[in-house]
Amino acid sequence: MVINATPTVVVVDDSPSIKTIFERGMEGLNVKLRIFDSAQSSWEYLAINKPDLLFLNIKMPGKDGLTYLKELRQLPLHRDTAVVMISSKDYAQDRTIANELGARDFLTKPMPIRAITDIVVKYIGN
Amino acid sequence: MSKAYLRFWGVRGSYTAPFASHLGVGGNTSCVEIRVDDHVLLCDAGTGIINFGNHMLRQKDIRDLLIILTHYHWDHICGLPFFVPAFVPDWNISIFGPGQKAADIEEYVSAQMKAPFFPVGTETWLAKVRYITPPPDHRFAHGPIQIAYDNVHHPGSTYGYRIRANGKNILYVSDNECLYLDKSIKLKYGELSAEEQSLYDRMQREEYEAEIKLLQGADIVIHDAQYTPEDYLKKRGWGHSCFIDTVNTAIEAGVKELYLYHHDPNYDDQEMEKIQRRALEVIRERKSDLVCHLAKEGMIIEL
């Protein structure tokens, strides 16, 4: 496991424009941001790194965010990783599954940039 | 020449509609058979699979089949406890659906047959039942039938399937709420800053392009079209499409033939005829050559 002094926020989302939204949301915060466009592309990193906060989209090509979270939770490294779902899917079933898998919050798109900032501050601090 | 066809055994969504007023379209829930020679693929296992099973018991040549499930909501699996070939020893049945591993699929399929919900469990199935391990590249084959799958917009993990059979590309997307993010952005647009509006304009385009891509290149699309625009206003966020959105997306994607599917059980034959007329009006107004049908139980399409 790699330990960083600067808190790391990881985003797994296939939307190309999500990058700008997160970059803007984290301006002025002392955090390192890493963005991956799929579960598959983030796996190599997350297999050995525990971010301070992990944002997971649900509906993505390939593995969906809920299945991916279930898989991550089976790794001792991610048993308690702070996870926030970010999704265009605003369904009760998704919220229930996310909750059962220990997700801390659930943001639905389109969320204002401020919502990202607030969540990061809430779980990591400023 | 190969014997290849597609047959609708169940076309309803949510729950069965065994009412005299509904039987022109059909009352059974989701189940479509795709057949190439002796290879049989079933898309979903709603109550339509019960009649299919009884039909198969009347022939002697085929004893193997593959069932692919879009997800595990009841209307897509509730025919399995009454699917007689599963209880007959010389049958080989493969089952696939969302899940991290084959054991997950088995767990979800078996759950509905556990006490106190059903008198016998899947352990009483005498057929050789195999649950398929999810392939890493989301592709597998059943004889000459190629199958690929990806996530669609519906509660939980739900797949849409792209099937290549006898040279035709068939898209089976039984449950998918078309253009959901597009509508969410429109609804909240006024609350966003100018910068956010610009960012979400981009995201809206990306999402739209992804929806078009899902349908592109398909000869035959079988797609969720559960609600009228009037009902969709009340049922937005239930995971199903308004048929107008389905038709428009199919037009944009250049689909050749669309089958409106997963019909709401509240709609009788007269209401369904109205839906078809309105769908054809949209196609005419847009000067599209899309061929659009209502999926009806018993309908057979040669492939």
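What you are looking at is a predicted structure, and each value in this text was computed from that prediction instead of being measured. (Residues numbered from 1 in each chain as written. Chains lettered and ligands numbered in written order. Predicted model: local features only at pLDDT ≥ 70, side-chain atom pairs only at ≥ 80, totals over all residues.)

Q: Looking at this structure, how should I read the overall build of chain B?
A: The secondary structure content of chain B amounts to eight helices and 14 strands. For 303 residues, the compact-globule estimate of 2.2 N^0.38 gives 19 Å, and the C-alpha radius of gyration of chain B, at 19 Å, lies within 12% of that figure. Over its C-alpha atoms, taken along the principal directions, chain B stretches across nearly 65 × 40 × 35 Å. In chain B, buried positions account for 47% of the 303 residues. (Helix = DSSP H or I, 4+ residues; strand = E, 2+ residues; numbered from the N terminus. Rg over C-alpha atoms; globule rule 2.2 N^0.38 Å. Buried ≥ 20, exposed ≤ 12 C-beta atoms within 10 Å, placed from the backbone.)

Q: How do you make sense of the sheet that holds strand S9 (residues 159-165) of chain B when you look at a structure like this?
A: Within a beta sheet, neighbouring strands are joined by backbone hydrogen bonds and run either parallel or antiparallel to one another. All names here are of chain B. Taken in spatial order, the seven strands of this open sheet run S7-S8-S9-S10-S11-S12-S13, and their pairing is mixed. Whereas interior strands pair on both sides, the edge strands pair on one side only; in this sheet they are strand S7 (139-142) and strand S13 (291-294). Neighbour-to-neighbour, the strand axes of this sheet turn through a mean angle of 20 degrees, independent of strand direction. Summarising the sheet, strand S10 (residues 168-173) and strand S11 (residues 220-224) pair through four bridges and their orientation is parallel. The partner of Val173 across the bridge, within S11, is His223. Together, S11, strand S12 (257-261) and S13 form the strand contacts of helix H7 (residues 243-253), whose direction differs from that of S12 by roughly 165 degrees. On the sheet, helix H8 (residues 269-285) packs against S12 and S13 and is oriented at approximately 170 degrees with respect to S13. (Pairing = 2+ DSSP bridges. Axes fitted to C-alpha atoms, helices over the stretch in contact; angles between N-to-C directions. Contact = placed C-beta atoms within 7 Å.)

Q: Got a minute to help me understand unusual backbone geometry in this structure?
A: Negative phi values dominate among residues other than glycine, just as trans dominates among peptide bonds. Pro110 of chain A follows Lys109 of chain A through a cis peptide bond whose omega is 0 degrees. Inspection of the secondary structure assignment puts Pro110 of chain A in the loop between strand S5 (105-108) and helix H5 (113-124). Each neighbour pair has its own omega, and for Ala115 of chain B with Pro116 of chain B the value is 5 degrees, a cis peptide bond. In this fold, Pro116 of chain B is placed in the loop between helix H3 (102-111) and strand S6 (128-131). The phi torsion at Asp44 of chain B lies on the positive side, around 70 degrees, for a residue other than glycine. Residue position: Asp44 of chain B is located in the loop between strand S3 (39-43) and helix H1 (48-57). For Asp44 of chain B, a count of 28 C-beta atoms within 10 Å translates into the label buried. Of note in this structure, His138 of chain B is not a glycine but carries a positive phi near 60 degrees. With respect to the element layout, His138 of chain B can be found in the loop between S6 and S7. Classification of His138 of chain B by C-beta neighbours within 10 Å gives partly exposed; the count is 16.

Q: Can you help me understand the nonpolar core in this one?
A: Soluble globular proteins tend to bury their nonpolar side chains together. Counting 75 residues, the largest nonpolar core has Leu42, Val221, Ile222 and Leu260 of chain B as its most contacted members. Once you skip the residues sitting within four places of it in the chain, Ile222 of chain B turns out to touch Val32, Leu171, Tyr172, Val173, Tyr259, Tyr261 and Ala295 of chain B. Listed in part, the 32 residues of the second largest apolar core include Ile18, Leu66, Val84 and Ile116 of chain A. (Core = buried A, V, L, I, M, F, W, Y, C linked by C-beta atoms within 7 Å.)

Q: Is there a simple way to explain the packing of helix H5 (residues 194-215) of chain B against H7 of chain B in this structure?
A: How two helices sit against one another is set out by the angle between their axes and by the gap between those axes. Residue and element names in this part refer to chain B. Close contact between H5 and H7 brings their axes to 8 Å; oriented N to C, the two are set at 75 degrees. Taken together, the axis directions place H5 and H7 in an arrangement best described as roughly perpendicular. Where H5 abuts H7, its residues Glu211, Ile212 and Leu215 lie against Thr249, Ala250, Glu252 and Ala253. Of the residues contributing to the contact of H5 with H7, the split by class is four nonpolar, one polar and two charged. (Parallel < 35°, antiparallel > 145°, perpendicular 65-115°, else oblique. Nonpolar A, V, L, I, M, F, W, Y, C, P; charged D, E, K, R; others polar.)

Q: What is the right way to read the sheet that holds strand S2 (residues 31-36) of chain B from this model?
A: Residues and elements named next belong to chain B. Taking strand neighbours across the sheet as the criterion, the seven strands line up as S6-S5-S4-S3-S2-S1-S14 in an open arrangement whose pairing is mixed. Two strands in the sheet have a free side with no partner beyond their single neighbour: S6 and strand S14 (300-302). Averaged over all neighbouring strand pairs, the angle between strand axes comes to 20 degrees, with direction disregarded. Pairing geometry for strand S5 (residues 92-96) and S6, over four bridges, is parallel. If you follow Ile95 over to S6, its bridge partner there is Tyr131. On the sheet, H1 packs against strand S1 (4-10), S2 and S3 and is oriented at approximately 125 degrees with respect to S1.

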